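Given next are the chains, with one letter for each unit.
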Amino acid sequence: MENDDKHEKSLIDSSTPETSATDPSDAFGESEGCLSVAIKSVNVSEEGAELQGENLHDGLNQHVYETENHDQSTEHQVHESRNLDIVDLKEVKHGSEEVFVEEKETDPVFDGTETPELEANLEFSSQTLDLDPDVQVNAWPEKAIALKNFVKEKGSIAVSTVLRRLSGKSDEGTADTDEKTDGSVKHDNGNSDPRQKEVSLKVRDQSAWNPLKFIKIGRNVVTDSKTGHAEDTLFGCSTNEPTMRGRIMVYTRLGCQDCKQVRSLFRQKRLRFVEINIDIFPTRKFELEKITGSSAVPKVLLNDFLVGGLTELETMNDSGQLDEKIKGIFSEEPPPTAPLPPLPGEDDESGSGKVDELASIVRKMKESIILKDRFYKMRRFSNCFLGSEAVDFLSDDQYLEREEAVEFGRKLVSQHFYGHVLDENIFEDGNHLYRFLEHDPVIMTQCYNIPRGMFEVKPKPVTEIASRLRFLSYAIIEAYVSEDGKHVDYWIIHSCEEFKRYLRIIEELQRVDLESLSREEKLAFFINLYNMMAIHAILTLGHPVGALERRKFFGDFKYVIGGCAYSLSAIHNGILRGNQRPPYNLTKPFGQKDKRLKVALPYPEPLVHFALVCGTRSGPTLRCYSPGNLDKELMEAARDFIRNRGVSVDAEAKVASVTKILQWYSVDFGKNELEVLKHAVNYLDPVESEEILELLSKTPLKVIYQPYDWGLND
């Protein structure tokens, strides 16, 4: 009897499909998940019977009869197996249509769509998420209703968007739908700027794949209603300007105020120039000394003609000689004596270091073990190998006993070379399924920092990689972002050598150890990485338009860091907000068994909302943050954002105009609207802050949330 109970339990476990750590069913409890799976299975069976008719029904009955009368010896062998439901793909002959396809992990994402009725139900849901599973069973119908409303809301937006695009209609005919998709709320948000509506309703031409074409929906798009032609400009520099055959070269270094003025002068003249930062390219310092006799910057060259520093440049500009010289370089090719732009890989330390002996062993292991698609718990997992196969290889290759080979295999797992397909154990001998990191479906299809081959250099300390990323981010922001930090020159970043070096550096993140980071190091690292990752996503996927594209942008564009995949949403809501639900979502980014939960901050850091930049016009200023001065820099970012566009109060009308960010993430700032407003007012000018706090103590203010502009910050 006891064996029968165990067998029945194992069959139930085998039929339960795998769910991701962020699947909403995780929050409903284990028993609710089984109930929902059972209901789903019944529905699928009924639909299949109705569609395929009596012949299929008879075939299924015959299959069930044969299964019930299976040979007892075969059943005994299955019970003796260390894992009851592992079989090779080629051995499956019956019921293959009933096997679930392996699902990709999905992150809960806020796409700008607001559903206030769902948020009202989430307060009840959040109170029951951490209850005992037996208690949750009684509460699951209410949460199922909330989930139903959530899916209905998202589905209606998705269907309307797809139908509108397929029909080829312009966005003017669906203004209401677009406003809702772009993140406007159903209650009063004040009088929106008609110019913002005009920009948001312009037709986007996305016929070609080139991701840079997606960027031309930015702030300076000028659309001709007669011809439909769009002329895009970046930093005021039209991309339709005559091609410059010559070259303007500017030598700079980080933190140089004169260098900023030189950049500003050329941008005012709408001229493209090549910048060589001698802090990023230190060998160019010797070239500079050879040409000018000094390493002082800035230095400007027009082809091989030395203009000099800022003073000489301004003198030539005032006299008109600069314009005459520039006319010449439009038609003249640079002579051989002119300095060259930065070369690919120049002064780049990425990929250098000691060879990892463990990586060499794993490379041989990949060549020796045959990877197969296998079934486990009624699911198919691709490119897998058995624990016993790995132990066999390690025993032969390293001359180890099986117990020693198991310990060595666990060491390889700790270095993020491979892992269990369901994270059920670290590494064991026997019929357990494991998969190499780069063969994980999510990492293969959604992670954009995986090198083409195996990275065989020993992993560097994450603090060292973070320092190089911070240094490079600082250089990119200083050179290719406007001085106010609100406009990014995506076209130039896409082709600059600094960004190509960034792409090489992030390949080193796949096997780093994140748990050793302190709070300040973790905050600075993930804030800087998020901001650069958003730029990378825009250059790769294009600027997202509408809720569906934003879901892909925030949820499907990922980096593998320390053996785990992180999306923009996972970094924002999972790491920096201490694993909090994104706005208008049912679930938290990381489940209780998610390895990324160990990396998350223990509590939300509200000031990160004024530091994270996802490429929108209503977002904060783009900056670079350092762990040594982090809290001060975050305070400065908060003051800059709140004072410029975040909060404004009309004392006479008793109305407060507040950024949408404070509404979406209000739980991070206070328990109610009044607490959130008081928190934000603290970042205003001290005199103004005191007046508003005194006003709030006497009378309530009507809060109006500003419309959020999702347009590109180019």
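None of the values given here were measured: they were computed from a predicted structure.

**Considering the overall build of the chain**
The helix and strand inventory of the chain stands at 27 helices and 19 strands. The contacts of the chain with a sequence gap of at least 6 include a subset with a gap of at least 24, amounting to 74%.

**Remarks on the nonpolar core**
One finds Y502, L514, F525 and L529 to be the most contacted residues of the largest nonpolar core, which totals 106 residues. Broken down by element, the residue count for this core peaks at 14 residues, all from helix α21 (residues 519–541). Non-local contacts of F525, meaning those with residues more than four positions away in its chain, are made with V462, A466, L469, L509, L514 and L517. Of all hydrophobic cores here, the second largest spans 21 residues; its members include I369, V391, L394 and A405.

**Brief notes about the packing of helix α12 (residues 310–319) against helix α13 (residues 321–329)**
Interhelical geometry of α12 versus α13 gives an angle of 90 degrees and a closest axis separation of 4 Å. Accordingly, the angle class assigned to the pair α12 and α13 is roughly perpendicular. Only Q321, L322 and K325 of α13 make contact with α12, whose side of the interface consists of L313, M316, N317 and S319. Of the residues in the contact of α12 with α13, the class split is three nonpolar, three polar and one charged.

**Remarks on the sheet that holds strand β19 (residues 702–705)**
Strand order in the open sheet formed by three strands is β17-β18-β19, and the pairing between neighbours is mixed. Only two strands of the sheet have a single neighbouring strand rather than two, namely β17 (647–650) and β19. Each neighbouring strand pair of the sheet contributes to a mean axis angle of 20 degrees, computed without reference to strand direction. Taken together, the four bridges between strand β18 (residues 655–658) and β19 define a ladder with parallel strand orientation.

**Details of the environment of A475**
Structurally, the position occupied by A475 is in helix α18 (residues 462–480). On the accessibility criterion, A475 (4% relative accessible area) is buried. The spacing of A475 and N277 is 198 residues in sequence and 7.8 Å in space, taken between C-alpha atoms. Among residues more than four places away in sequence, those in contact with A475 are L254, N277 and I280.

**Remarks on helix α10 (residues 257–268)**
With twelve residues, α10 ought to run about 16 Å at 1.5 Å a step, and its terminal C-alpha atoms sit 17 Å apart, in line with that. Along α10, the residues classified as buried are C259, V262, R263, L265, F266 and R267. Positive backbone phi, approximately 60 degrees, marks R270, located one or two places after α10.

**Regarding the sheet that holds strand β9 (residues 299–302)**
Taken together, the four strands give an open sheet; going across it, the order is β8-β7-β9-β10, and neighbouring strands pair in mixed fashion. With one partner strand each, in any of the chains shown, β8 (274–277) and β10 (305–308) form the two edges of the open sheet. Along the sheet, successive strands turn relative to each other by an average axial angle of 25 degrees, direction set aside. Summarising the sheet, β9 and β10 pair through three bridges and their orientation is antiparallel. Directly across from L302, in β10, lies its bridge partner F305. Of the strands in this sheet, β7 (248–252), β8 and β9 are in contact with α10, which crosses β7 at around 160 degrees.

**Let's talk about the pairing of β17**
Sheet topology places β17 next to β18; four bridges connect them, and they run antiparallel. Across the sheet, residue V649 finds its bridge partner in β18, namely A656. Where β17 folds back onto β18 in an antiparallel hairpin, the turn is made up of four residues, including K654, whose phi is positive at roughly 55 degrees.

**Describing the packing of helix α26 (residues 673–681) against helix α27 (residues 686–698)**
The geometry of α26 relative to α27 is characterised by a closest axis approach of 10 Å and an angle of 165 degrees between their N-to-C directions. It follows that α26 is roughly antiparallel to α27 by the angle criterion. Here α26 and α27 pass one another in a crossing that is left-handed. Between α26 and α27, the residues in contact are L674, L677, K678 and V681 and S689, I692, L693 and L696, respectively. The residue makeup of the contact of α26 with α27, split by class, is six nonpolar, one polar and one charged.

**As for the packing of aromatic side chains**
For any two aromatic rings, the description comes down to two numbers: the centre-to-centre distance and the angle of the planes. Under the criterion given, the structure shown has 23 aromatic pairs. With a centroid separation of 5.6 Å and 35 degrees between ring planes, the pair formed by F266 and F273 is classed as tilted. Among the aromatic side chains, those forming a connected cluster through ring pairs are F110, Y584, W664, Y708 and W710. Its guanidinium or amino end placed over the ring of W710, R550 lies 4.2 Å from that ring's centre, counting from NZ or CZ. Note that R596 overlies the ring of Y566, its terminal NZ or CZ placed 5.8 Å from the centroid.

**Here's the deal with the pattern of salt bridges**
What the rule picks out here adds up to 35 salt bridges. A salt bridge links R511 to D356; its shortest N-O distance comes to 2.6 Å. Placement of R511 in the loop between α20 (497–505) and α21 and of D356 in the loop between α13 and α14 (357–368) is noted, with a sequence separation of 155 residues between them.

**Details of a negative patch on the surface**
A grouping of D685, E688, E690 and E691 is seen on the molecular surface, where their side chains present a negatively charged patch. Take E691: it is sitting in helix α27.

**Quick look at helix α23 (residues 568–576)**
In terms of burial, α23 is largely enclosed, as nine of its nine residues are buried. For α23, the set of buried residues is L568, S569, A570, I571, H572, N573, G574, I575 and L576. Elements in contact with the buried residues of α23: α21, α22 (547–555) and β16 (564–567). In the stretch just after α23, G578 is the one whose phi turns positive, near 65 degrees.

Rules behind the numbers
- Residues numbered from 1 in each chain as written.
- Predicted model: local features only at pLDDT ≥ 70, side-chain atom pairs only at ≥ 80, totals over all residues.
- Heavy atoms only, no water.
- Helix = DSSP H or I, 4+ residues; strand = E, 2+ residues; numbered from the N terminus.
- Contact = heavy atoms within 4.5 Å.
- Core = buried A, V, L, I, M, F, W, Y, C linked by side-chain atoms within 4.5 Å.
- Buried < 20%, exposed > 50% of the residue type's maximum accessible area, 1.4 Å probe, protein only.
- Axes fitted to C-alpha atoms, helices over the stretch in contact; angles between N-to-C directions.
- Parallel < 35°, antiparallel > 145°, perpendicular 65-115°, else oblique.
- Nonpolar A, V, L, I, M, F, W, Y, C, P; charged D, E, K, R; others polar.
- Pairing = 2+ DSSP bridges.
- Expected span 1.5 Å × (residues − 1).
- Left-handed = near helix turned anticlockwise from the far one by under 90°.
- Phe/Tyr/Trp six-rings, centres within 6.5 Å; stacked < 30°, edge-to-face > 60°.
- Lys NZ or Arg CZ within 6 Å of the ring centre and 35° of its normal.
- Salt bridge = Lys/Arg side-chain N within 4 Å of Asp/Glu carboxyl O.
- Patch = residues over 30% accessible without salt bridge, like charges linked within 9 Å, V, L, I, M, F, W, Y side chains within 5 Å.
- Areas by Shrake-Rupley, 256 points an atom, 1.4 Å probe, with all protein chains shown as cover.
- Lys, Arg positive; Asp, Glu negative; His and termini not counted.
- Charge placed at Lys NZ, Arg CZ, Asp CG, Glu CD.

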